[in-house]
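Remarks on the overall topology
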Amino acid sequence: MKAIRRFTVRTVLPEALSALDELAGNLRWSWHEPTRELFSFIDPELWKASHNDPVSLLGMVTPERVEELAGDAGFVERANGLRDALRTYISEPRWYQSQTDAPSSIAYFSPEFGIAAALPQYSGGLGILAGDHLKSASDLGVPLLAVGLFYRSGYFKQAISPDGWQQETYPVLDPDGLPLSLLRGADGAPAQIALALPGGRTLFARVWQADVGRVKLLLLDTDIPENEDALRSVTDRLYGGGGEHRLLQELLLGIGGVRAIKLHSELTGAEFPQVFHTNEGHAGFLGLERISDLVAAGLTFAEALEVVRAGTVFTTHTPVPAGIDRFERSLVETYFSTDLLPGVDVHDVLALGTEDYSGGNPGVFNMAVMGLRLAQHANGVSKLHGEVSRGMFSGLWPGFDQADVPIASVTNGVHAPTWTDPALLHLAEQKLGTTDTTAADWNSKAVSDEELWQVKTGMREQLVADARQRIRWAWQQQNPGSVVPTWIDDALDPNVLTIGFARRVPTYKRLTLMLHDQDRLRAILTSRKRPVQLIIAGKSHPADDEGKRLIQRLVTFAQDPEIRRRLVFLPNYDIEMAQLLYPGCDVWLNNPLRPLEACGTSGMKAALNGALNLSILDGWWPEYYDGENGWAIPSSDAAGDADERDALEAGALYDLIEHQIAPRFYDRGKDGVPTRWVKSMRHTLATLSPELSADRMVKEYVGKLYTPAGKAAGVIGAEDYAAGRELARWKDEVRKDWSGVQVLHVESGGLAAVPRVGDELHVRARVQLGGLSADDVAVEVVYGKSLEGDSLDDTTTVELVPLVEDGDGKTPTGAISIDGSTTFAGTVTLTRPGSFGYNVRVVPKSPYLASPAELGLITVAH
Ligand SMILES: *Cc1c(COP(=O)(O)O)cnc(C)c1O
């Protein structure tokens with residue numbers, strides 16, 4: 001029989017064990033190994049059965065065991081010690097507290113958060129990244145307040161049918177059984193936010209709070225009796241529905257999220273954030289709620305927009321156009337033609353998401369476009385992705401070179417304490433004297449090759465055991481009641497070169513590239529001398545049948561009795577599986593269609609565990625591949641068609657495995673240790689770990705984005721938003737008058753017939769400013785290498801200054817000539833030999849702009 005209702009009864013712990021409640025209640029246990037070991041000690045079997053979830057463990061442990069532990073002075077002392085350490089961790093000054101000028105509070109919005117297996121509120125990389133961001137922010141003391149949604153069923157659980165087809169189930173989560181607490185009003189009742197919907201309906205949500213170390217995470221939940229039935233399911237699952245359902249989720253996340261922050265501030269006294277960071281476009285409506293508040297405070301829409309932009313950071317995560325969130329314009333129009341946002345006109349909202357550039361679709365509302373218009377600070381997630389994003393969104397800044405498009409990049413990182421296997425951590429602790437694996441000297445002789453290799457072998461054994469268990473479960477699920485075949489007991493081999501490949505299954509990730517030449521793959525896997533095994537996992541979006549077909553192809557191939565011990569597909573890729581998968585692999589494979597992988601983080605997690613990467617030069621890999629930390633699969637961007645490209649890239653993949661990877665792995669000394677391989681492992685651990693760590697990433701966000709945004713917000717907001725009002729007025733004027741700006745004439749001099757390095761080029765430009773003044777613009781020489789087609793590359797910009805000619809009677813005031821034009825002049829020093837070219841451009845100039853391209857206005861000399 002099925003239960004119609006479920007809830008969790010928590011154990012009442014005796015006073016002596018109250019520390020356990022406190023430790024279980026803060027998700028820091030998910031990355032703090034000593035705390036995990038404490039919980040495991042309570043009952044190792046139950047710890048496993050609870051999927052390493054302290055709240056669930058405490059719900060299962062027997063009263064006898066609780067009593068026994070309460071009487072165990074050593075245990076009580078250990079628990080109290082860890083609780084005290086947690087309290088210190090939460091309150092002591094950390095890295096951020098020594099930063100000057102950094103904002104005092106930052107809100108971080110994301111549609112998903114992957115923090116721990118116990119809180120499955122993620123679908124893939126975006127969510128795991130958000131979880132890692134929070135954890136590193138906590139470790140560094142960054143004052144983040146995070147906002148998301150509480151999805152009743154998370155994403156989905158994946159199973160595979162006997163014929164290889166993905167099956168989805170949606171187990172319902174019980175928030176009372178999770179480390180969450182409700183935000184409550186002064187009267188003790190759950191606090192709620194409300195959103196006005198079309199037709200006079202209202203969407204209500206309550207707010208769950210999770211403690212992620214020092215960071216608080218607010219999760220909005222609509223499954224409450226106050227909502228009519230249809231609206232209770234707004235937060236039913238992640239990426240579950242189409243247009244309208246998705247829009248409701250995003251309205252709730254953005255607008256409801258800011259309302260939840262205000263409520264949280266009122267109830268707890270927490271500071272209202274100075275900076276708002278939206279992780280991908282889904283939460284973009286947050287800017288509109290803030291505009292609505294500012295309009296209520298007396299600003300115009302345009303003024304409020306400037307204030308909001310100054311303090312907003314937008315991170316874009318996908319170079320795949322289909323991955324960008326778009327809604328039907330008419331749907332957005334319906335939802336904003338209500339009381340949803342008092343003081344905000346629906347046409348102003350629509351304008352923000354309009355694709356009014358060449359190639360844009362007038363019928364859609366684009367969340368990324370709105371994200372960029374609502375944020376003065378934007379970034380992609382690797383250097384290459386920054387470049388690709390500048391190209392992809394260049395239509396929003398017409399006339400500017402791609403390099404000038406104001407989208408920076410911060411390469412993703414991964415949270416080392418979460419993603420480093422405890423075995424490696426203990427090795428660093430015992431032999432290298434540090435619990436920070438990213439700072440350990442992995443090249444030190446204090447760890448011998450044998451020791452490191454032994455740890456790797458142990459992690460591979462652990463993975464093989466886990467994989468067999470998963471294959472067994474999958475078999476039982478597919479064949480209920482029948483005997484599990486014995487081949488599963490020796491599926492995979494803990495001593496064979498192990499390659500991992502796990503990710504979501506959108507087409508561009510090419511799950512099945514390895515199947516391109518099945519005979520060749522078979523030969524590689526079953527080689528007698530140098531066998532290879534592949535462990536594969538990944539979920540396809542439930543609506544993506546193409547992705548499901550790819551999984552099916554792979555699963556079918558893996559059913560071949562000759563292959564099944566060497567290639568396995570593990571159902572239900574999630575954090576729990578991932579934490580054993582990365583450490584257990586020797587090589588991590590990544591073969592996307594370049595340049596569609598924005599960053600990719602699974603390979604980073606593998607590298608933190610000493611795995612070598614085998615990847616197309618996409619995402620983070622071109623930045624970090626150095627010839628010693630893995631292999632680059634050459635990409636055949638120039639191939640005639642997709643098939644030819646696949647063939648070439650798959651061929652290169654097989655070659656690398658056969659001729660380079662397997663020989664190095666199986667090249668053993670007398671002691672059985674692959675010395676050459678271990679050298680690469682050490683190099684990877686020593687050089688990549690600090691770079692790939694989310695600490696490095698969060699520090700970059702603080703330096704490049706949060707601090708400038710906080711400063712800009714401070715300037716714009718001072719004295720009742722005086723600068724914000726001024727900036728809005730000025731932009732309006734500049735936009736109106738820009739058509740009158742013209743470069744009339746450019747002349748240069750000062751060079752010898754054959755210019756040499758060190759010579760000076762004097763440039764003068766006569767510019768018609770229309771209604772603007774010389775202070776409103778920057779007139780600049782842009783110079784660089786001049787290549788074919790007169791394009792300029794590697795450019796440098798030098799600002800020219802208005803020329804004040806004195807007393808010849810031709811210039812009436814300052815630099816203005818009789819024809820009303822202004823002359824600007826300056827000097828460029830030729831610093832390098834070779835072809836040289838220059839041009840003159842005029843752009844708007846104001847101390848409040850973060851980039852000269854901000855207004856998308858530019859005039860160039862012809
Ligand atoms: C890291 C991770 C991902 C993302 O990996 P990519 O390389 O970015 O595709 C997805 N799912 C899980 C469970 C992860 O741990």
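Above this text is the structure in question.
What counts as what
Residue numbers here run from 1 along each chain, matching the order of that chain's written sequence. Only residues with pLDDT of at least 70 get local features here, since the model is predicted, and only at 80 or more are side-chain atom pairs given and counted; chain-wide, interface and lining totals rely on the full set of residues. Hydrogens and water are ignored here; the side-chain numbers use all heavy atoms of the structure. Only when DSSP finds a minimum of two bridges between them are two strands counted as paired. By definition, any uninterrupted DSSP run of H or I lasting at least four residues is a helix, any uninterrupted run of E lasting at least two residues is a strand, and each is numbered from the N terminus. Within 6.5 Å between ring centres, the rings of Phe, Tyr and Trp (the latter by its six-membered ring) count as paired, and their orientation is classed by plane angle as stacked under 30 degrees, edge-to-face over 60, tilted in between. Burial status follows relative accessibility: with a 1.4 Å probe on protein chains alone, a residue under 20% of its type maximum counts as buried, one over 50% as exposed, and anything between as partly exposed. Sitting over a ring, as applied to charges here, requires NZ of Lys or CZ of Arg to be within 6 Å of the ring centre and within 35 degrees of the ring normal. All axes are obtained by fitting lines to C-alpha atoms, using only the stretch in contact for helices, and the reported angles, taken between N-to-C directions, cover 0 to 180 degrees. Any two residues having at least one pair of non-hydrogen atoms within 4.5 Å are treated as being in contact. The term polar contact refers here to a pair of N or O atoms within 3.5 Å; inside protein, the definition further demands a hydrogen-donor-capable atom paired with an acceptor-capable atom, and it admits residues adjacent in sequence only when both atoms are side-chain atoms.

1. Notes on the sheet that holds strand β25 (residues 777–786)
Taken in spatial order, the seven strands of this open sheet run β23-β24-β27-β26-β25-β28-β29, and their pairing is antiparallel. Each of the sheet's edge strands pairs with one partner strand only, and the pair in question is β23 (742–749) and β29 (859–860). With two bridges connecting them, strand β28 (residues 837–844) and β29 associate as antiparallel partners. Within β29, the position partnered with R841 by the bridge is V860.

2. Some remarks on the packing of aromatic side chains
Summed over the entire model, instances satisfying the criterion amount to 22 aromatic pairs. Residues W631 and W677 carry aromatic rings whose centres are separated by 5.8 Å and whose planes lie at 35 degrees to one another, so their mutual orientation is tilted. Here W631 is found in strand β22 (residues 630–633), whereas its partner W677 is found in helix α25 (residues 675–692), with 46 residues between them in sequence. Each member of the pair W631 and W677 is classed as buried. A network of ring pairs unites the aromatic residues W453, W631, F665, Y666 and W677 as a single cluster. The ring of Y170 has R237 sitting right over it, with the charged end atom 3.4 Å from the ring centre. One residue, K605, lies across the ring of W419, its end atom 4.3 Å from the ring centre.

3. Looking at the sheet that holds strand β19 (residues 567–570)
In spatial order, the strands read β19-β18-β17-β20-β21-β22; together these six strands make up an open sheet with parallel pairing. Taken across any chain shown, the strands that pair with only one partner, and hence form the sheet edges, are β19 and β22. Averaged over neighbouring strand pairs, the angle between their axes works out to 20 degrees when direction is ignored. The pairing of strand β20 (residues 587–590) with strand β21 (residues 612–616) spans four bridges and is parallel. Bridge pairing in β21 links W588 to N613. Docked against the sheet, helix α19 (residues 518–525) engages β18 (532–537) and β19, running at close to 115 degrees with respect to β18. Contacts from helix α20 (residues 545–558) reach β18 and β19 within the one sheet, and its direction differs from that of β19 by about 135 degrees.

4. A closer look at the side chain of R682
Tracing the sequence through the fold places R682 in helix α25. Overall, R682 belongs to the buried group, its relative accessible area being 9%. Here the side chain of R682 touches W442 through a polar contact of 2.8 Å, landing on its backbone oxygen. Not counting residues up to four positions away in its chain, the partners in contact with R682 are W442, N443, S444, V447, S448, D449 and L452.

5. Here we look at the environment of P571
If you trace the backbone, P571 turns up in the loop between β19 and α21 (575–584). The sequence separation of P571 and T556 amounts to 15 residues, and the corresponding C-alpha distance is 14 Å. When neighbours within four sequence positions are excluded, P571 is seen to be in contact with Q158, A159, I160, R470, A474 and M577.

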